[in-house]
Amino acid sequence: MLSLLNQYSKGRFAWFLLFFSTLTFEITALYFQHSLGLAPCTLCIYQRCAILGIMLASIIGLIAPSNIVVRLMGLLIWLFSAYQGFTLAAFHAHLQFEPNLSDTCTINTQFPVWLPLDSWFPSMFKAYGSCADKIWSFLTIEMSQWMIIIFACYLIVGLGVLISQIFPSPKGSIWSNK
């Protein structure tokens, strides 16, 4: 199984699937914001940035998936972004379900001065919602909890692909009888 993951990671299709999944989540977030009128909070925007980090990792992997250095760089960015997204989503759920007086969420996003995304693209990166508000649920699971699940899946798959890099990929195609 791990050798198959290694083989998949050396092809562009797997990296494209990663790109497509992140693009789908970004489009969904923008749909929730602009069509359904759900106000994103600061943690929502930061989680959006974590998804964009995974998208960047998929683009790096798409460039040269057969090159181990490029592939590992993409994997490390993928794992870092997924971990950051997971911790942000967990904190977001904590604010919604187990709030403490000491736990707060800033009103405005705080991007570096050299990358003021909220100024450059306010329709995508401007936060105007409250982190404690439960504004959407599906199957009785709130959006912050869905994001925990999504980032956990990205982490598990990313770790599996990273571990698979030490196993040799099969010589023949998985579709052949050899």
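Note that the structure is predicted; figures quoted are calculated from it, not measured.

Conventions and cut-offs
Residues numbered from 1 in each chain as written. Predicted model: local features only at pLDDT ≥ 70, side-chain atom pairs only at ≥ 80, totals over all residues. Heavy atoms only, no water. Core = buried A, V, L, I, M, F, W, Y, C linked by side-chain atoms within 4.5 Å. Buried < 20%, exposed > 50% of the residue type's maximum accessible area, 1.4 Å probe, protein only. Helix = DSSP H or I, 4+ residues; strand = E, 2+ residues; numbered from the N terminus. Contact = heavy atoms within 4.5 Å. pLDDT = per-residue confidence, 0-100. Phe/Tyr/Trp six-rings, centres within 6.5 Å; stacked < 30°, edge-to-face > 60°. Expected span 1.5 Å × (residues − 1). Axes fitted to C-alpha atoms, helices over the stretch in contact; angles between N-to-C directions. Parallel < 35°, antiparallel > 145°, perpendicular 65-115°, else oblique. Left-handed = near helix turned anticlockwise from the far one by under 90°. Nonpolar A, V, L, I, M, F, W, Y, C, P; charged D, E, K, R; others polar.

A. Representation of the nonpolar core. Counting 17 residues, the largest nonpolar core has Leu18, Ile54, Trp78, Ala82, Met147, Phe151 and Tyr154 as its most contacted members. Those elements that place two or more of their residues in this core are α2 (12–34), α3 (42–63), α4 (68–97) and α7 (143–164). Broken down by element, the residue count for this core peaks at six residues, all from α7. Among all residues touching Ala82, those that are not within four sequence positions of it are Ile54, Phe151, Tyr154 and Leu155. Counting residues in hydrophobic clusters, the runner-up holds six residues, among them Ile45, Leu117, Met124 and Ala127.

B. Region of interest: the confidence of the model for the protein chain. Residues at a pLDDT of 70 or more form 89% of the protein chain, whose mean pLDDT is 84. Here helix α1 (residues 2–9) stands out as the element of the protein chain with the lowest mean pLDDT, 70, in contrast to α3, whose mean of 93 is the highest. Every residue in residues 174–178 scores below 50 in pLDDT, and together they form three contacts with partners more than four places removed in sequence or on other chains.

C. A look at the side chain of Ser81. Looking at where Ser81 falls in the secondary structure, it is placed in helix α4. Note on Ser81: relative accessible area 7%, which makes it buried. The residues touching Ser81, leaving out its near neighbours within four places in the chain, are Ala50, Gly53, Ile54 and Phe151.

D. Here's a closer look at the packing of aromatic side chains. Scanning all chains against the criterion turns up eight aromatic pairs. Consider the rings of Phe111 and Phe125, whose centres lie 6.0 Å apart with planes at 85°: the pair is edge-to-face. Taken together, the residues Phe111 in the loop between α4 and α5 (117–120) and Phe125 in helix α6 (residues 122–125) connect sequence positions 14 residues apart. A residue is classified by how much of its surface remains accessible, and Phe111, at 18% relative accessible area, is buried.

E. Highlighting α7. Taking 1.5 Å per residue as the helical rise, α7 with its 22 residues ought to reach 32 Å, and the 31 Å between its terminal C-alpha atoms agrees with that figure. The set of residues buried in α7 consists of Ser144, Met147, Ile150, Phe151, Tyr154, Leu155, Gly158, Gly160, Val161 and Ser164.

F. Inspection of the packing of α3 against α7 at higher detail. One way to put it is that α3 packs onto α7 with a least axis distance of 12 Å and a crossing angle of 25°. Comparing the axis directions of α3 and α7 gives the class roughly parallel. Seen from above, α3 lies across α7 with left-handed handedness. Between α3, through Gln47, Ala50, Ile51 and Ile54, and α7, the contact on the second element is made entirely by Met147, Phe151 and Tyr154. When the residues that make up the contact of α3 with α7 are grouped by side-chain class, the tally is six nonpolar, one polar and no charged.

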